[in-house]
Amino acid sequence: MGYSWNWGVLFDSTGIGNETYLSWMLSGLGWLFLIGGIAWLIALTLGTVLGIMRTLPNKPLQTIASAYVSLFRNVPLLVQLFIWYYVVPGFFPEGLRQWWYFGLAPNTSAMLSASVGLGLFTAARIAEQVRTGIQSLPQGQSHAAYALGFSTAQVYRQVLLPQAFRVILPPMSSELTNCFKNASVASLVGVAELISQTKTIAEYTQNNFEIYTYATLIYLVINLVLIMLMNFLERKYRVPGLMAEGK
């Protein structure tokens, strides 16, 4: 039996009101952006703090940050998402647990679990980038800042971090795109994001080739846009002598 091609499948009716399969795909895309965006904010904030901790002359803080990085980098992301979705809510206080299970829509609680899990996983990778960026800077800069009377917080905020982030912009591009690509794993804990909706539409229509082609193109466009944004920031904030200069 021949395959029935239908490249306009996204505009077909789902049979539910006036909805088309395109609206399902756009809904999944919205959840993808929400998960990726929240996870990236968590990762960037926590990863920066952990990266700073790993470079401070304080052994306990270094140990805590190193333990975090070792743990979260070496446990598979899917396992971490399952823990945050199935295990952690069971340890919430009674009131919070009731609200989590019965006050939130299932898709919302799954989205929050996925965002936190992905954010904490990515934070470990960001921490290594920040640590590397700080340690790549000449030590004379921090010594000079201390000699001028700067506190440790001022040294990091005004001298080290502004330069370190410019240095690590290229590898951070990969972490940003990976964060949004890894958001697809959220479909395994019940979030109706892009991959989940793609599978559902493919099952309803049996136009697997067309549907997965569209999903692939969407991911390709998202990642290309993110890379272009990071490349723009890299060129704009390039530090002469610390990054390879482009034309």
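Every residue gets a number counted from 1 within its own chain, in the order that chain's sequence is written. Selection of residues for local features in this predicted model requires a pLDDT of at least 70, selection of side-chain atom pairs for listing and counting requires 80 or more, and totals for whole chains, interfaces and linings are taken over all residues. Side-chain numbers here rest on the full set of heavy atoms in the structure, without hydrogens or water.

Caption draft 1: How the structure looks around the side chain of Asn207. Starting at the N terminus, helices and strands are each numbered in turn, a helix being any DSSP run of H or I of at least four residues and a strand any DSSP run of E of at least two. Structurally, the position occupied by Asn207 is in the loop between helix 9 (194-205) and helix 10 (208-236). When its relative accessible area of 8% is taken as the criterion, Asn207 is described as buried. Those residues in contact with Asn207 that lie beyond four places of it in its chain are Tyr3, Ser4, Trp5, Asn6, Val9 and Ala202. Only protein chains enter the accessibility calculation, which uses a 1.4 Å probe. A residue is then buried if its area is under 20% of the maximum for its type, exposed if over 50%, and partly exposed in between. What makes two residues a contact is simply this: any of their non-hydrogen atoms within 4.5 Å.

Caption draft 2: Region of the structure containing the environment of Val189. By the secondary structure assignment, Val189 is in the loop between helix 8 (169-182) and helix 9. Between the C-alpha atom of Val189 and that of Ala114, which follows or precedes it by 75 residues, the distance is 7.5 Å. Aside from chain neighbours lying at most four places away, what touches Val189 is Leu81, Phe82, Tyr85, Ala110 and Ala114.

Caption draft 3: Molecular detail of the UniProt feature "transmembrane region" (unreviewed entry) in the chain. UniProt positions are given in the numbering used here, feature names are shortened, and annotations may be inferred rather than shown by experiment. Per the UniProt record, "transmembrane region" (unreviewed entry) is found at residues 31-53, 65-87, 99-121 and 211-233. For residues 65-87, helix accounts for 91% and strand for 0%, while the C-alpha atoms at its two ends are 24 Å apart. A helix fraction of 100% and a strand fraction of 0% characterise residues 211-233, whose end C-alpha atoms lie 34 Å from each other.

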